[in-house]
Amino acid sequence: MGSHQDSIRDDSPDHLPTPATAAGRVGLDALLADPGRAVIALDFDGTLAPIVADPDQARAHPDAVPALAALAPKVAAVAVITGRPAEVAVRHGGFADVPGLDHLVVLGHYGAERWDAATGALTTPEPHPGVAAVRAGLPGLLERSGAGQGTWIEEKGHAVAVHTRRAPDPQAAFDTLRAPLADLASRHGLIVEPGRMVLELRPPGMDKGAALREYVRELDARAVLYAGDDLGDLPAFAAVDTLRTEATPGLLVCSGSDEVPDLRKRADVVVDGPEGVVHLLRALATRLT
C-alpha cells in the first residue's frame, strides 16, 4: 500500500487525481476504460454527508445527489454502503425519485438491507434477538460506567450505537466504554464496531467488505471504486484489495479526516471530505461523457 496520497486541488471540472499507488492507477484506468462494467461504492456519513454531532441531522452534501445522478447512468451501478438503516440513508441522502439515479442501490445495515432506486423496493431481514437485549441493558451500563454524561444511544433497528462526541471528553468516554460495551455485546452474540466517537453493537458477519464483495460479484463488475472515511470502511478497503488479487482492479478513496489515520494510509487517493468526494464524482462524470 502507498504511504502518501494525492488530494484533489485542481478545481477544473474534469480533473482527476493521480493515485499514489500502482494498484490505484490500474483501478482508475480500468474504470475509465470500461465504465459500463464499473461499480462506484460509497459510505454515507463522512463521505457523502458531513459528520455532525447529531446523526439525525446528517444530510448529504447539497451537490452529492446531482453529482451521483450525472455519474450513475455512465457506470454499471452506484452503491451507498452504510451502517444506517437503508430507508434512513435514502431519506437523509435525498436519493428517492431522482432522475438519473436508476442505477443506485443503498445497502443498509452493512448490506443486511437493500433499497433499489429503480423500484423503490426495500428488503430487510428479521432483527437479531441480541439487539433487543443490549438495547435494554445499555442505559444502566452507561450510568454505572461513569461515562454517561453527554453520551447518547442511537437506535438503528438491526444495531444500537453509543455516541460520545457530545461528552466533555469524547475520547476518554469512548475509551472507558469500549471494554464494557464489548462484554455486553459478546454476552448477547453481538460484536462492537468502533467508529469516529461511536461504538456500534451489531450482529457478526455484517460488514461493508462482505456487502461490497457480494454486490461486485452479483454485477460481474470489472472495476470498483470505494470511498469511505471511518474504521468501519476498513473491511471494504480490504475487500477491494482482495478483488484486486482476483483480477478486478480497484481504487480506494479516503474522504479525508485526521480522526482515522489508518484509512488515509491505506487509500490510493485522499480527498477533502464530502466536498472532495463530490468533486471526484463530478470529475468522473465529466470525464466519462
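Since we're looking at a predicted model, the values are computed, not measured. Throughout, a residue's number is its position along its own chain's written sequence, starting from 1. Given that the model is predicted, a residue must reach a pLDDT of at least 70 before its local features are reported, and side-chain atom pairs must reach 80 or more before they are shown or counted; all residues, however, enter totals for whole chains, interfaces and linings. Side-chain numbers come from the whole structure's heavy atoms, not from hydrogens or water.

Student: What is the right way to look at the packing of helix H6 (residues 208–219) against helix H7 (residues 234–245) in this model?
Tutor: Relative orientation and spacing of two packed helices are given, respectively, by the angle between their axes and the distance between those axes. Here, axes are lines fitted to C-alpha atoms. For helices the fit covers the stretch in contact, and angles between N-to-C directions go from 0 to 180 degrees. Working definition: helices are DSSP H or I runs of at least four residues, strands are E runs of at least two. Numbering for both runs from the N terminus. Their axes nearest at 7 Å, the elements H6 and H7 cross at an angle of 40°. Here H6 lies oblique to H7, going by the angle between them. Handedness of the crossing formed by H6 with H7: right-handed. Across the interface between the two elements, Lys208, Gly209, Leu212, Arg213, Val216 and Arg217 of H6 pack against Pro235, Ala236, Ala239, Val240 and Leu243 of H7. Across the contact of H6 with H7, the residue classes tally to seven nonpolar, one polar and three charged. Working rule for angles: under 35 degrees goes down as roughly parallel, over 145 as roughly antiparallel, 65 to 115 as roughly perpendicular, anything else as oblique. Crossing chirality is assigned from the near helix's rotation relative to the far helix, an anticlockwise turn below a right angle marking it left-handed and a clockwise turn marking it right-handed. A contact between two residues is defined here by any heavy atoms of the two lying within 4.5 Å. Ten residue types, Ala, Val, Leu, Ile, Met, Phe, Trp, Tyr, Cys and Pro, are classed as nonpolar, four, Asp, Glu, Lys and Arg, as charged, and the remainder, Gly among them, as polar.

Student: How should I be thinking about unusual backbone geometry in this particular structure?
Tutor: Its identity is not glycine, yet tyrosine 110 carries a phi of approximately 60°, on the positive side. At alanine 247, a position not held by glycine, the phi torsion is positive, near 75°. You can see alanine 247 is positioned in the loop between H7 and strand S11 (250–255). For alanine 247, a relative accessible area of 64% translates into the label exposed. With a 1.4 Å probe rolled over the protein chains alone, any residue whose accessible area is under 20% of its type maximum counts as buried; one over 50% counts as exposed, and the rest are partly exposed.

Student: Got a minute to help me understand the pairing of S11 in this structure?
Tutor: Remark: a regular strand shows side chains that alternate across the two faces of the sheet. Where burial is concerned, most of S11 is hidden: six out of the six residues are buried. Alternating residues of S11 divide into Gly250, Leu252 and Cys254 and Leu251, Val253 and Ser255, and every residue in both groups is buried. Any two strands with at least two DSSP-identified bridges between them are counted as paired. Sheet topology places strand S10 (residues 223–228) next to S11; five bridges connect them, and they run parallel. Each residue of the ladder has a partner; that of leucine 225, found in S11, is leucine 251. With H7 bridging S10 and its parallel neighbour S11, the resulting β-α-β unit is right-handed. Seen with the strands pointing away from the viewer, any crossover whose path from the first strand over the helix to the second strand runs clockwise is right-handed.

Student: Looking at this structure, how should I read the pairing of strand S7 (residues 160–163)?
Tutor: Side chains Val160 and Val162 project from S7 onto one buried face, and the interleaved Ala161 and His163 project onto a second face that is buried too. As paired elements, strand S6 (residues 152–155) and S7 share four bridges and run antiparallel to each other. Within S7, the residue paired with glutamate 154 across the bridge is alanine 161. Hairpin connection, S6 to S7: the antiparallel pair is bridged by four residues, and glycine 157 has positive phi, about 75°. In this structure, S7 lies alongside strand S9 (residues 198–202), joined through four bridges in antiparallel fashion.

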